[in-house]
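# Commentary on secondary and tertiary structure
Each chain, written out:
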Amino acid sequence: MTDSPVRGKLFLVGIGPGGLDHMTGRARAAIAQADTLIGHATYLRLVAELVTDQEVVKSTMTQELDRAVLAVELAQAGRTVALISSGDSGVYGMAGLTFEVLFQAGWTPDTGVPVEIVPGATALTSCAALAGAPLSHDFCAISLSDLLTPWPVIARRLNAAAAADFVVAIYNPKSGRRARQVIEAQRLFLCHRRPTTPVALVHAAYRSQQRVELTTLADLGAGEIGMLTTILIGNSQTQVHHGLMVTPRGYTQKYDLQAGTTKAGERGGHPLTSGLDGWLAELRASAETVTDLAERHGLPEIYIAAVLAASDPAAWSP
């Protein structure tokens, strides 16, 4: 009888903003279970209190591929490895790159070493908690790093997010060699947003160097920004009260918040009168051309035409 091959395990661990109080129990358990910890020196320093007799492999920025390859090789050799990312491993972290390495090596979930992604609080949620409640409505995240993404791609994403009125979290806004990208982002947003749009600059959230600055889109370039800063740009409804940046969810469109009652024409638990069904009825009743409707709503003509050509929406109800 032959011995079964030794199987390691690979943990892709998100440690959150860095403070142990904000790290999940599963992240702590994965680090304790691991034989080897691999990560950027800064991230490993943040979990130093959890290190016992594990082997610790540190590296610097831009060595992400080396970390991923080493983590996979050690796990395939039978070791239990925790590859450390700050925030969440799957949000601008090591998870995506590591899976690319695994797939190229022929890995499958059924035949390869077990891989577990351990989620953590992201930079945008951590920073939002310090700024107030800026992410209470639709939002997106965009990185300004053009080390791996062409600038025209980044610019198109910034422009689309700004035009669509998303609250936007900007990652990697600036470094020693990348100073102009944040200015170009500001320039694009000012094409769509008021100069007074609230902005939060959150530096090193929940770490010893933590700093929160509330400013405006017009004054964004005057703020102190670095690689550890996350920028939160509000939407057209975002407000600042008593030093807190808050984006309303939209309850005032349906409810009188002080009276606690539903506004005339609206029904609790039902879509707004200006929701999808109301909008479709408005389109069908309109005498405007498809081109005019598309321009007014900022939507593709082909979409408006398809909506108008579709059968009665009631027929599609479950």
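The structure this text deals with has already been given above.
Remember, predicted model here, so these are calculated numbers, not experimental data. (Residues numbered from 1 in each chain as written. Predicted model: local features only at pLDDT ≥ 70, side-chain atom pairs only at ≥ 80, totals over all residues. Heavy atoms only, no water.)

### Let's talk about the overall build of the chain
As a reminder, the rule being used: Here a strand is any run of E in DSSP of at least two residues, a helix any run of H or I of at least four, and the numbering for each starts at the N terminus. Throughout, exposure labels follow a simple rule: accessible area from a 1.4 Å probe, protein chains only, divided by the maximum for the residue type, with under 20% read as buried, over 50% as exposed, and the rest as partly exposed. Residue contacts are counted whenever heavy atoms from the two residues lie within 4.5 Å of one another.
When helices and strands are tallied, the chain shows 10 helices and 15 strands. If you line up the chain on its principal axes, its C-alpha atoms span 80 × 55 × 45 Å. Counting only residues that meet the buried cut, the chain has 39% of its 318 residues in that class. Partitioning the contacts of the chain with sequence separation of at least 6, the portion at a separation of at least 24 is 63%.

### With respect to the environment of N159
Quick reminder of the rule: Polar contact is the term for a pair of N or O atoms within 3.5 Å; when the atoms are in protein, one must be able to donate a hydrogen and the other to accept it, and sequence-neighboring residues count only if both atoms are side-chain atoms.
Considering the arrangement of structural elements, one finds N159 in helix 6 (residues 151–163). On the accessibility criterion, N159 (30% relative accessible area) is partly exposed. In sequence terms N159 and C140 are 19 residues apart; their C-alpha atoms lie 12 Å from each other. Apart from the residues within four sequence positions on either side, N159 is in contact with L188 and H192. One polar contact links N159 to H192, side chain to side chain, over a distance of 2.7 Å.

### A word on the sheet that holds strand 1 (residues 9–14)
The test is simple: Two strands qualify as a pair provided that DSSP identifies no fewer than 2 bridges between them. Helix axes use the C-alpha atoms of the stretch in contact, all axes being lines fitted to C-alpha atoms, and the angles between their N-to-C directions lie in the range 0 to 180 degrees.
Within the open sheet, the five strands sit side by side as 3-2-4-1-5. Their pairing is parallel. With partners counted over all chains shown, the strands left at the sheet margins are strand 3 (55–59) and strand 5 (115–118), one partner each. Averaged over neighbouring strand pairs, the angle between their axes works out to 15° when direction is ignored. Pairing analysis gives three bridges linking strand 2 (residues 36–40) to strand 4 (residues 80–85), with the strands arranged parallel. Looking at the pairing, I38 lines up with L83 of strand 4. Taken strand by strand, helix 1 (residues 25–33) contacts strand 1, strand 2, strand 4 and strand 5, and its axis lies near 140° from that of strand 1.

### A short note on the packing of aromatic side chains
The description of an aromatic ring pair rests on the distance of the ring centres and on the angle between the ring planes. Using the following cut-off: Aromatic pairs are defined between Phe, Tyr and Trp rings, using the six-membered ring for Trp, whenever the two ring centres lie within 6.5 Å; interplanar angles under 30 degrees are classed as stacked, those over 60 as edge-to-face, and all others as tilted.
All told, the structure shown has five aromatic pairs when counted by the stated rule. Geometrically, the ring pair formed by Y92 and Y171 is tilted, given 4.6 Å between the ring centres and 50° between the ring planes. Residue Y92 is found in the loop between strand 4 and helix 4 (95–104), and its partner Y171 is found in strand 8 (residues 167–171); the two are separated by 79 residues along the sequence. Given the relative accessible area of 46%, Y92 is considered partly exposed. A residue is classified by how much of its surface remains accessible, and Y171, at 9% relative accessible area, is buried.

### Details of the state of the cysteines
We count it as follows: Only a pair of cysteine sulfur atoms within 2.5 Å qualifies as a disulfide here.
As enumerated under the stated definition, the model contains zero disulfides in all. The closest cysteine sulfur to the non-disulfide-bonded C127 is located on C140, 15 Å from its own sulfur.

### Topic: unusual backbone geometry
Its identity as a non-glycine residue notwithstanding, A204 has a phi of 50°, on the positive side. Position of A204 relative to the elements: it lies in the loop between strand 9 (198–203) and strand 10 (211–216). Of note in this structure, H242 is not a glycine but carries a positive phi near 55°. Position of H242 among the secondary structure elements: in the loop between strand 12 (239–241) and strand 13 (244–246).

### Overview of the packing of helix 8 (residues 276–285) against helix 10 (residues 301–309)
When two helices pack together, their arrangement is captured by the angle between the axes and the distance separating the axes. To be explicit about the condition: Throughout, the term roughly parallel applies to angles under 35 degrees, roughly antiparallel to angles over 145, roughly perpendicular to angles from 65 to 115, and oblique to all others.
One can describe the packing of helix 8 onto helix 10 by two numbers: an axis separation of 10 Å at closest approach and a directional angle of 90°. As far as their axial angle goes, helix 10 and helix 8 are roughly perpendicular. Facing helix 8, whose interface residues are W279, L280, L283 and R284, helix 10 presents Y303, I304, V307 and L308.

### Some remarks on the side chain of Q186
Turning to its location among the elements, Q186 is positioned in helix 7 (residues 181–189). A relative accessible area of 11% means that Q186 is categorised as buried. Setting aside residues up to four positions removed in sequence, Q186 forms contacts with L217, A218, D219, L220 and G221.

### Side note on the nonpolar core
Where we set the bar: We define the nonpolar core as a collection of buried residues of types Ala, Val, Leu, Ile, Met, Phe, Trp, Tyr and Cys that are connected through side-chain atoms lying within 4.5 Å of one another.
Counting residues in each nonpolar core, the largest one holds 21 residues, and the members touching the most others are I142, L158, I170, L220 and I231. At the level of elements, strand 7 (139–143), helix 6, strand 8, helix 7, strand 9 and strand 11 (229–233) are the ones that each hand at least two residues to this core. In terms of residue count, helix 6 provides more of this core than any other element does, five residues in total. With residues near it in sequence (within four places) discarded, L220 still touches V182, Q186, V199, L201, I225 and I231.

### Remarks on the pairing of strand 7
Regular strands place their side chains on alternate faces of the sheet. Quick note on the threshold: Seen with its strands pointing away from the viewer, a crossover is right-handed if its path from the first strand over the helix to the second goes clockwise.
With five bridges joining them, strand 7 and strand 8 adopt parallel strand pairing. Residue I142 lies in a different strand from strand 8, and its bridge partner there is I170. For the crossover from strand 7 across helix 6 to strand 8, the handedness is right-handed.

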